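Structural characterization, general
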Amino acid sequence: MGGLLRKKVKFVLKKTRVAIFAVVLFHEATWLNYYLSNNFFNYSFPSQERLLFERAYGTSLEAWRSDIEQNPHTLTVLSEVLEKEQQEHSFPLEEIVLVSKNYLKQSFPQQFNTVIDDAVGTYFKKRISLRLSVCDEKFYLETNDHPLKTILQHEVKHAKTFAITDIKFYARWKALCRNQEKHSLYTDDATPEVNWRDIPFEQSVQLGFVSSYARKNVYEDIAETGEFAENILTSREDGSYPGLELMIEWLYTRKSPVIAGKIALAQEYNIIPKEFSEFVWVQKLYHDAKAHDSYIDTSKVTSFLEQSERFLQKHPNSVYNIYVHNARGGVFAAQGIRDNEKASFRIALEEWNKGLLSPYKDIDEYRDILHNMQGCYRWRMNEPCIASVYTDAIKEFEHRYLTGDVFLAKRGVNDLLYRCDVLR
Ligand SMILES: [Zn+2]
């Protein structure tokens, strides 16, 4: 019996050794493939698109050609986020790594993370890593935004947080996240252990968190709060703005002192723009004047027009200016339709023109302005020649959007509009 058992054990060990050897050999091969075919090749022979991106944002890019050169739209998405975040406040970032969807195209640490961790993005030592597999996950496709966008925003907020040198910052933030007995509300500090996934969203909000993931620890709380603030104007298919509606509630109507306190801290320490809460107020006034079908009730726009003008005077270089000018243009156009007179349409066109010249050009907003101006020149001003310039501009804009123009959020297609003498 003893001999038979020994034989069996020996047999199993032999099989296991073969299996381990095969696994090691397989990973050695993928590792070699990653460093030679991806890193070494792209480092030695970078493409024009890659070089432009790296120069524009001062960060290197580690990604397969199949994910960048053969899918250049990704560059437009990444550069839109970096453009906005850099205009808001500069932050240290040395490298962005895109982790391939294909296991065979992952480095060994990436494969290790694929197996043991479900993080879709990470920030570590001025290096952001993003998993391209999120682009396939249904959960992330529920909003109209590209899934990589919000993940990159979240990781940039980590980068901005880690750049803060004032140690009082964390103490002030954590002071907002304690219960009546002064115990931390973060799940990482809880005994017995609590999983943030088990906490309903409503309960997290009630305790002053913008998401259940924000309950994990102070770092995720800060990043989630910053990411939420960046996305308040992401709309749903039905035309609603759930993020904006919640933010208005927290800051101005039902009021959440804890979330308002976190927003104030994030503004003070440059994680989000200092004028963020003022912008939310201006947006509130704009949405108060809008009926459900996006129709603007011109009898309710007076305070929006006054306060948005004050906002623009006070913050001439704000990343929010394009949104404010586009909304003001819409209000003046609605007044033009009401009174059937061209003077209001001219003012609307001036506002949209200023929107195109705003320092940060949100891609959806810029596109919307081009369409508004095309329609206004064609149908309200009866200027078909100028309208056709905007038709060409829209075509050029879509072309650049799909072909990875890393300057789209900085320049739009203003070069074309200047050349045609319609932008001043
Ligand atoms: Zn995070």
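What counts, and where the lines are drawn
- Residues numbered from 1 in each chain as written.
- Predicted model: local features only at pLDDT ≥ 70, side-chain atom pairs only at ≥ 80, totals over all residues.
- Helix = DSSP H or I, 4+ residues; strand = E, 2+ residues; numbered from the N terminus.
- Buried ≥ 20, exposed ≤ 12 C-beta atoms within 10 Å, placed from the backbone.
- Contact = placed C-beta atoms within 7 Å.
- Pairing = 2+ DSSP bridges.
- Right-handed = clockwise from strand over helix to strand, strands pointing away.
- Axes fitted to C-alpha atoms, helices over the stretch in contact; angles between N-to-C directions.
- Parallel < 35°, antiparallel > 145°, perpendicular 65-115°, else oblique.
- Left-handed = near helix turned anticlockwise from the far one by under 90°.
- Core = buried A, V, L, I, M, F, W, Y, C linked by C-beta atoms within 7 Å.
- pLDDT = per-residue confidence, 0-100.
- Nonpolar A, V, L, I, M, F, W, Y, C, P; charged D, E, K, R; others polar.

So, the overall build of the protein chain
In terms of helices and strands, the protein chain carries 18 helices and four strands. In terms of its C-alpha atoms, the protein chain occupies a principal-axis envelope of roughly 100 × 60 × 40 Å. Relative to its 424 residues, the protein chain shows a buried fraction of 34%. Once local pairs closer than 6 in sequence are excluded, the contacts in the protein chain between residues at least 24 apart make up 61%.

Quick word on unusual backbone geometry
A cis geometry characterises the amide bond from threonine 191 onward to proline 192, with omega recorded as -10°. Counting through the fold element by element, proline 192 comes out in the loop between α6 (168–175) and α7 (201–206). In this structure, lysine 125 takes a positive phi of about 45° despite not being glycine. In this structure, lysine 125 sits in the loop between β3 (121–124) and β4 (127–131). Positive phi, close to 60°, is recorded for aspartate 421, a residue that is not glycine. For aspartate 421, the position within the fold is in the segment after α18 (414–419).

Points about the pairing of strand β2 (residues 95–99)
In terms of strand pairing, strand β1 (residues 60–62) meets β2 through three bridges, oriented parallel. Considered in β2, the bridge of serine 60 is made with glutamate 95. Running through helix α3 (residues 73–88), the crossover from β1 to the neighbouring parallel element β2 is left-handed. Bridge count between β2 and β4: five bridges; the pairing is parallel. Across the sheet, residue glutamate 95 finds its bridge partner in β4, namely arginine 127.

Focus: the packing of helix α9 (residues 242–251) against helix α11 (residues 276–288)
Remark: α9 packs on α11, axes separated minimally by 10 Å, with the N-to-C direction vectors making an angle of 110°. Taken together, the axis directions place α9 and α11 in an arrangement best described as roughly perpendicular. Where α9 crosses over α11, the two elements pack in a sense that is left-handed. Along its contact with α9, which presents Leu244, Met247, Ile248 and Leu251, the element α11 presents Ser277, Val280, Gln283 and Lys284.

Remarks on the environment of aspartate 145
Among the structural elements, aspartate 145 can be located in the loop between β4 and α5 (147–162). Measuring from C-alpha to C-alpha, the distance between aspartate 145 and tyrosine 43 comes to 31 Å, with 102 residues separating the pair along the chain. Residues contacting aspartate 145, with those up to four places away along its chain left out, are Thr150 and Thr234.

Some words on the nonpolar core
In terms of nonpolar packing, the biggest core is built from 58 residues, with Ala348, Leu370, Met373, Cys376 and Ala393 touching the most fellow members. What alanine 348 contacts, discounting residues up to four positions off in sequence, is Gly329, Phe332, Ala333, Gly336 and Cys376. Leu82, Ile96, Leu98 and Ile151 belong to the second largest nonpolar core, which has 23 residues in total.

A short note on the confidence of the model for the protein chain
Summing up the model confidence of the protein chain, the mean pLDDT is 90 and the portion of residues at 70 or higher is 95%. When pLDDT is averaged over each element of the protein chain, helix α10 (residues 257–268) comes out on top at 98 and helix α1 (residues 2–44) at the bottom at 73.

Let's talk about the sheet that holds β2
What the four strands build is an open sheet, ordered β1-β2-β4-β3; its pairing is mixed. The sheet is open, and its two borders are formed by β1 and β3, each paired with just one other strand. With strand direction ignored, the average angle separating the axes of adjacent strands in the sheet is 15°.

Considerations on the packing of α11 against helix α12 (residues 302–314)
For any two helices packed against each other, the geometry is given by the interaxial angle and the distance between the axes. Look at α11 against α12: their axes get within 9 Å of each other, and the N-to-C directions meet at 155°. In terms of orientation, α11 lies roughly antiparallel with respect to α12. For the element pair α11 and α12, the recorded crossing hand is left-handed. Residue-level inspection shows Glu278, Phe279, Val282, Leu285 and Tyr286 of α11 in contact with α12, the latter providing Ser303, Phe304, Gln307, Ser308 and Phe311. Class assignment for the residues of the contact of α11 with α12 results in six nonpolar, three polar and one charged.

Here we look at the environment of histidine 27
With respect to the secondary-structure elements, histidine 27 resides in helix α1. Residue classification places histidine 27 among the partly exposed positions, given that 15 C-beta atoms sit within 10 Å. Sequence-distant contacts of histidine 27, that is, excluding residues within four places in its chain, are made with Phe108 and Gln111.

Some points on the environment of proline 384
Note on placement: proline 384 falls in helix α16 (residues 384–402). Distance from proline 384 to isoleucine 167, taken between C-alpha atoms, is 60 Å for residues 217 residues apart in sequence.

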